[in-house]
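Each chain, letter by letter, is given below.
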Amino acid sequence: MTDRTSALDSLVFGVDIQSGDVRGDAPSYALVAFDGENVDRDVVSHRKLRRLLDREEPAMLATDNMYELAADKDALVHFLRELPAETKLVQVTGAERPEPLSRVASRHGVPYGKKPMKEAEAAARLAAANVGHEVSAFSDTTTVKVSRGRSTGKGGWSQDRYTRRIHGSVKRRAREVKQRLEQADLAFEVDVTEKYGGYANAVFTVEAPPTDIPVSAGRAGDTRVEIERERYDGIEFEPLVKRRDHVVVGIDPGTTTAAAVVGLDGRILDVYSTRTADSADVIEWLIERGRPIVVAADVTPMPETVEKFRRSFDAAGWTPNSDLPIDEKLHRTREASYENDHQRDALAAALFALDDHEDQFERISQKVPPDVDRGEVIARVVAGEESVEAVLRDLDDDEPEESSEDSQHEERELSEEEQEIRRLRTRVERLESHIDDLEATIDEREETISEYETELSDAKREERREARERREVKRLERDKERLQRRVEDLETENEELDEKLERLKRLWKLDHSNFADVDTDGDLVPVKVVDQFTRDAIETAEKRYGLAAGDVVYLRDASGAGRSTAELLADVDPRVVLRSGGNLSEVADDILFEHDVPVAPAADVTIQEIDELAVARESEVEAAIDDWERRAEDRQKERKASMVDQIISEHRAETRSESR
């Protein structure tokens, strides 16, 4: 199995616009699902296509033009972000400058038709044969950010403790994430922002896609985890199979040797410079990036070092009529990126050489049939100085036979070249005789191979069937888990909406009640009513309409509260507690006082209740708070005085005991 058939064990989707336009009306798509053997066809909407991608998770989604799936680059990035992690978007017609689909299909022997369903099938078959480029907007680097899940608030007596708790939670969560990344053996870097009591945030830069990271995004308690894949600056194209295409090379020799590789289509493939590597290393670098047709220099005559590179590849040489000026090199390479002047000079040489051969390349390409490798023909015409017709005849193995008239001519003295041709022909005849003997052996071997291939085909068919069954089972399991999560999300959302509806009903009642006897110039504040100063009553109020920092809380019955109940109310951090009914216990009073929670008699504030809601005047609430603050200041003074008296008394008692 070659590299171009390795995708046949995977499911491939091919798509083409059936009707409409992705930039206007909702389009429909011709969709072909191909697994290397079976072909399924359908016409689907864009929405249904997305659902099928999520459900089937094909290895590739193939198209002849990626902008048939998205209106612009931003929409394409959004489309790529929502693709399943296992699915690649493949443009089978090339990268930035795609070819016609008909030409690509013809070159690779794939059936083609102009109807959308035929084009979709051609795209699927080409992608299954690893033809085309993967379209990507995201790298394999992922950022995992652990941060605070809630605000630290505006202040208060318990502010320091509250802030320390949140930062401590962030630090613990960051340690958990770090431990999981280390257990998964992932390479990562972490940047921590330390704050009072722990971390404000921790940012992990992980060298892996989100699917490989054993951490889930979301908010839990005091912390929040965000996962985001690092984006490229633009859209990147990566060939499914890296081939050594024919290229034009520029060399800038010297203490620093630089090389640049440019494709026949004008794309800048790579640049390179080194102060330490020898010629062999540079040649190896070039071999990995293509097969040079032309080796160019930016000066004339060609330096000896560049000539050595040219001879190494048996390529054509190119030099300018005169040394290239700096301003022309800067202008020609203005849209390229390079690291130093040496890389710029090498790149300029390659680009000017390509410009000089552009018309010749175009003339050759027009004569080359679609099913013939254009680069091979150009290489032999430019570097080997052969004619296009001769190269095509040689590639087709269709050399003309020697005419009978020539055989009737009288023998003459042959030149050295003709003698060499005669010797080669004799050698060919001898080899052909040997080939006949070998072909008989080959026929026997082919029968045996045919039997093995039949067995192998049956085994592969069975393996693909089992693989499809396994994929179907996994898909159904994923669907089940996804639906279960969806049900849980909907139930949670339903509960939240029910609570929101109840709050809206109460607000509607409040908005439509008659407040003629209340000042309506904005001097109103909502009051949260708690029937009794007990834990159950506080939790009931929390569920009914929520208790939050800064609320005005009204206790109908303030008696009976102990330490834990008072601390529960203090943790809410209300703006003021208006008490009524029984007296507040000393323990509860001390707890609320220590947490800087104002407590005032409800009789000092005019409270109006409508059903489950209540309102009070802002001015009266402020007056009650001011009164509490004055009393709190006196209470603090009394405490200090009491402490001083106690210290003095204890000192006197100790003095008397010592005098005795």
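To be clear, the structure that these remarks concern was listed above.
Now for a quick tour of the structure. (Residues numbered from 1 in each chain as written. Predicted model: local features only at pLDDT ≥ 70, side-chain atom pairs only at ≥ 80, totals over all residues. Heavy atoms only, no water.)

So, on to the overall build of the protein. Counting its secondary structure elements, the protein contains 17 helices and 21 strands. Counting all 660 residues of the protein, 36% fall into the buried class. Put simply, of all contacts in the protein between residues at least 6 apart along the chain, 64% involve residues at least 24 apart. Just so you have it, the protein exposes about 40,300 Å², and 44% of that area is on carbon and sulfur atoms. (Helix = DSSP H or I, 4+ residues; strand = E, 2+ residues; numbered from the N terminus. Buried < 20%, exposed > 50% of the residue type's maximum accessible area, 1.4 Å probe, protein only. Contact = heavy atoms within 4.5 Å. Areas by Shrake-Rupley, 256 points an atom, 1.4 Å probe, with all protein chains shown as cover.)

The next subject is the nonpolar core. Counting residues in hydrophobic clusters, the biggest one holds 37 residues, and the most contacted among them are Phe533, Leu555, Leu569, Leu578, Leu592 and Val621. Ignoring sequence-local partners within four residues, the contact set of Leu555 consists of Val530, Gln532, Phe533, Leu569, Val577, Leu578, Arg579 and Ser580. If you look at the next biggest cluster of nonpolar residues, it comprises 34 residues, including Val248, Val271, Trp318 and Ala348. (Core = buried A, V, L, I, M, F, W, Y, C linked by side-chain atoms within 4.5 Å.)

Moving on to the packing of helix α9 (residues 341-367) against helix α10 (residues 374-382). Think of two packed helices as two axes; the pair is described by the angle between the axes and how far apart they sit. The N-to-C vectors of α9 and α10 enclose an angle of 125°; their axes lie 10 Å apart at closest approach. Classified by the interaxial angle, the pair formed by α9 and α10 is oblique. In the crossing of α9 with α10, the sense of the turn from one axis to the other is right-handed. Facing α9, whose interface residues are His357, Gln360, Phe361, Ile364 and Ser365, α10 presents Arg374, Val377, Ile378, Val381 and Val382. (Axes fitted to C-alpha atoms, helices over the stretch in contact; angles between N-to-C directions. Parallel < 35°, antiparallel > 145°, perpendicular 65-115°, else oblique. Left-handed = near helix turned anticlockwise from the far one by under 90°.)

Turning to the sheet that holds strand β12 (residues 257-263), a few remarks are in order. Pairing is mixed across the open sheet formed by five strands, whose spatial order is β13-β12-β11-β14-β15. For this open sheet the edge positions go to β13 (268-274) and β15 (316-318), each flanked by a neighbour on one side alone. Within this sheet the neighbouring strands show an average axis-to-axis angle of 25°, counted without direction. Relative to β12, strand β11 (residues 246-252) is paired through six bridges, and the arrangement is antiparallel. By the bridge assignment, Asp252 is partnered in β12 with Ala258. Sheet strands touched by helix α6 (residues 279-287): β11, β12 and β13. Its angle to β12, the strand with the most contacts, is close to 15°. (Pairing = 2+ DSSP bridges.)

At their nearest, the axes of helix α15 (residues 563-572) and helix α16 (residues 586-594) sit 9 Å apart, and the two run at 30° to each other. On the basis of the axis angle, α15 is roughly parallel to α16. The element α15 and its partner α16 pack so that their crossing is right-handed. Here α15 contributes Arg563, Ala566, Glu567, Leu569 and Ala570 to the contact with α16, which in turn contributes Val587, Ala588, Ile591 and Leu592. Across the contact of α15 with α16, the residue classes tally to seven nonpolar, no polar and two charged. (Nonpolar A, V, L, I, M, F, W, Y, C, P; charged D, E, K, R; others polar.)

Next up on the list: the packing of aromatic side chains. Evaluated as defined, the whole model comprises three aromatic pairs. Above the face of the Phe593 ring, Arg635 is positioned so that its terminal group lies 4.4 Å from the ring centre. (Phe/Tyr/Trp six-rings, centres within 6.5 Å; stacked < 30°, edge-to-face > 60°. Lys NZ or Arg CZ within 6 Å of the ring centre and 35° of its normal.)

A few words on α6. Each α-helix winds once per 3.6 residues, and so residues spaced three or four apart point in a common direction. Those residues of α6 that sit buried are Val282, Ile283, Trp285 and Leu286. Projected onto a plane normal to the axis of α6, the buried residues spread over an arc of 160° and lie on a single side. Summarising the contacts, the buried residues of α6 are in contact with β11, β12, β13 and α7 (304-313). (Arc of directions from axis to C-beta.)

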